[in-house]
Amino acid sequence: MKSKFEYNKTAITEFILLGLVETPDLRPVVFVVFLLSYLLTVGGNLSILAAILVETKLHTPMYFFLGNLSVLDVGCITVTIPSMLARLLSHKRTVPYGACLTQLFFFHLLVGVDCFLLTAMAYDRFLAICQPLTYSTRMSQTVQRILVAVSWALAFTNALTHTVAISTLNFCGPNVINHFYCDLPQLFQLSCSSAQLNELLLFAVGFIMAGTPLALIVTSYAHVTAAVLRIRSAEGRKKAFSTCGSHLTVVAIFYGSGIFNYMRLGSAKLSDKDKAFGIFNTVINPMLNPIIYSLRNPDVQGALWRVLMGRRPLA
């Protein structure tokens, strides 16, 4: 039997995405479930964004970052799910090589910005709770815009690096991807040339691009926790922690699913478990974020209700 390095060197022009299920009878069910999930996610995040834009009470740095996060969540699910739904409808499972790399680039771009925005939100909570006297100057509109711009620049560099690196690999043999979207681990498995350097690059850049923000988030919340514990009143502590609970929940889900998704890199065989983690990254996370941020936040709940009812925002 030929190894993957011994195939004919004719470059392939398309990949075959097996999708979530191979049983034809289950495809209509999958289509309906993911269509509803997509509509719910887009509707929920756009509702959060609309509430932030029209409610002057929510024109604060924390909600500025949350509005950007909602846009990213819409982008993340739009990069993967509509194309999957289109393939289910058309019964066509092929995706061109260029389209596969394009999807990979935009997915890593949006997830990267998401990662840095979560860090900016942790920094915002640190300033608001630990240094309230200088908060308005340290987190001015200019600073907010700079943090968002830097997040996009760093994420763009990361996504472009991985896309260019994967384009240097030779794909000349098997072209079947056991997944519903194109991502690095699955493409590494199909390469006719060695992907060892690409895997090392993913680990090294991932350590910098994800490890550093995570360390900053942990450091910020260590200071926040110490400051909150010094508050004498139980009501004051509860109020301070409530502003951080939603963000910490989102951080835990985001990093937890991301780590599990890539920790099996280099394993001999990628299984259906990777599809489950993929669903978590592309569907569950974006769908949960609006729910998490509005569940225990009366300001967001009130603004959402007024937006949905078409009522004028409070002054």
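Every chain begins its residue count from 1, and numbering advances along the sequence as written. Only residues with pLDDT of at least 70 get local features here, since the model is predicted, and only at 80 or more are side-chain atom pairs given and counted; chain-wide, interface and lining totals rely on the full set of residues. Water and hydrogen atoms were dropped before computing side-chain values, which therefore reflect all heavy atoms in the structure.

The name recorded for the protein in an unreviewed UniProt entry is Olfactory receptor, from Lynx canadensis. UniProt positions are given in the numbering used here, feature names are shortened, and annotations may be inferred rather than shown by experiment. Recorded in UniProt under Function (unreviewed entry), the annotation for the protein is "Putative odorant or sperm cell receptor." According to UniProt, the comment filed for the protein under the heading Subcellular location (unreviewed entry) is "Cell membrane".

**What about the state of the cysteines?**
Cysteine sulfur atoms that come within 2.5 Å of each other are treated as a disulfide pair. By the definition in use, this model includes two disulfides. Between the sulfur of Cys100 and that of Cys182 lies a disulfide, 2.0 Å long from S to S. Judged by the sign of its S-S torsion, about -120 degrees, the bond between Cys100 and Cys182 is left-handed. Of this pair, Cys100 sits in helix 3 (residues 97-130) while Cys182 sits in the loop between strand 3 (176-177) and helix 6 (184-190), placing them 82 residues apart in sequence. Working definition: with a 1.4 Å probe on protein chains only, accessible area under 20% of the residue-type maximum means buried, over 50% means exposed, and in between means partly exposed. A relative accessible area of 0% places Cys100 in the buried class. In this text, helices come from DSSP runs of H or I with a minimum length of four residues, and strands from runs of E with a minimum of two, each type numbered from the N-terminal end.

**Observations concerning the nonpolar core**
One broad rule of soluble globular proteins: the nonpolar side chains tend to lie buried together. In this description, a nonpolar core means a group of buried Ala, Val, Leu, Ile, Met, Phe, Trp, Tyr and Cys residues linked to one another through side-chain atoms lying within 4.5 Å. Counting residues in each nonpolar core, the largest one holds 61 residues, and the members touching the most others are Phe34, Leu66, Ile81 and Leu118. Among the secondary structure elements, those contributing two or more residues to this core are helix 1 (27-54), helix 2 (61-90), helix 3, helix 5 (141-167), helix 7 (196-229), helix 8 (234-262), helix 9 (272-295) and helix 10 (298-309). Counting residues per element, this core draws most heavily on helix 2, which supplies 14 residues. With residues near it in sequence (within four places) discarded, Leu118 still touches Leu69, Ile217, His247, Val250, Val251, Phe254 and Tyr293. Counting 18 residues, the second-largest nonpolar core is a separate cluster that includes Leu17, Ile166, Ile177 and Leu190. Any two residues having at least one pair of non-hydrogen atoms within 4.5 Å are treated as being in contact.

**Quick notes on a nonpolar patch on the surface**
For patch building, the residue pool is restricted to those with more than 30% relative accessible area and no salt bridge; the joining distance is 9 Å between like charges and 5 Å between nonpolar side chains (Val, Leu, Ile, Met, Phe, Trp, Tyr). Surface accessibility follows the Shrake-Rupley procedure with a 1.4 Å probe radius. Residue values consider only the protein chains on display as shielding. Counted as salt bridges are all cases of a side-chain nitrogen of Lys or Arg within 4 Å of a carboxyl oxygen of Asp or Glu. A surface patch of nonpolar side chains, amounting to about 340 Å² of accessible area, comprises Val32, Leu35, Leu36 and Leu39. Tracing the chain through its elements places Leu35 in helix 1. Leu35 gets classed as partly exposed once you look at its relative accessible area, which sits at 31%.

**What to know about the environment of Met84**
Here Met84 is to be found in helix 2. Under the relative-accessibility criterion, Met84 is labelled buried at 4%. In the structure, Met84 is positioned 96 residues away from Phe180 in sequence and 6.4 Å away in space, judged by C-alpha atoms. Discounting residues that sit within four places of it in the chain, Met84 has contacts with Leu20, Phe34 and Phe180.

**Some thoughts on helix 7**
Between its first and last C-alpha atoms helix 7 spans 47 Å; for 34 residues at 1.5 Å apiece the expected length is 50 Å, and the two agree. Its maximal kink placed at Phe207, helix 7 deviates by approximately 30 degrees. Of the residues making up helix 7, those classed as buried are Asn198, Leu202, Val205, Met209, Pro213, Ile217, Ser220, Tyr221, Val224, Ala227 and Val228. Here the expected span of a helix is defined as 1.5 Å times the quantity of residues minus one. Throughout, the bend at a residue refers to the angle made by two axes, fitted to the seven residues ending there and to the seven starting there.

**Side note on empty space enclosed by the protein**
With a 1 Å grid laid over protein atoms only, a set of points is called a cavity when a 1.4 Å probe fits there but cannot get out and a pocket when it is open yet has protein on both sides within 12 Å along at least five of seven lines; lining residues have an atom within 4 Å of a point. Grid points are joined across faces, edges and corners, and a volume is the space filled by probe spheres set on the points. One pass over the structure, following the stated rule, counts one cavity of 30 Å³ or more. In this structure, the largest cavity occupies an estimated 40 Å³ of space. As for the largest cavity, its lining consists of Asn45, Ile48, Leu66, Leu69, Ser70, Asp73, Asn289, Pro290 and Tyr293. Broken down by secondary-structure element, the contributors of at least two residues to the lining of the largest cavity are helix 1, helix 2 and helix 9. Classification convention: Asp, Glu, Lys, Arg as charged; Ala, Val, Leu, Ile, Met, Phe, Trp, Tyr, Cys, Pro as nonpolar; all other residues, Gly among them, as polar. Taken together, the residues that form the lining of the largest cavity break down as five nonpolar, three polar and one charged.

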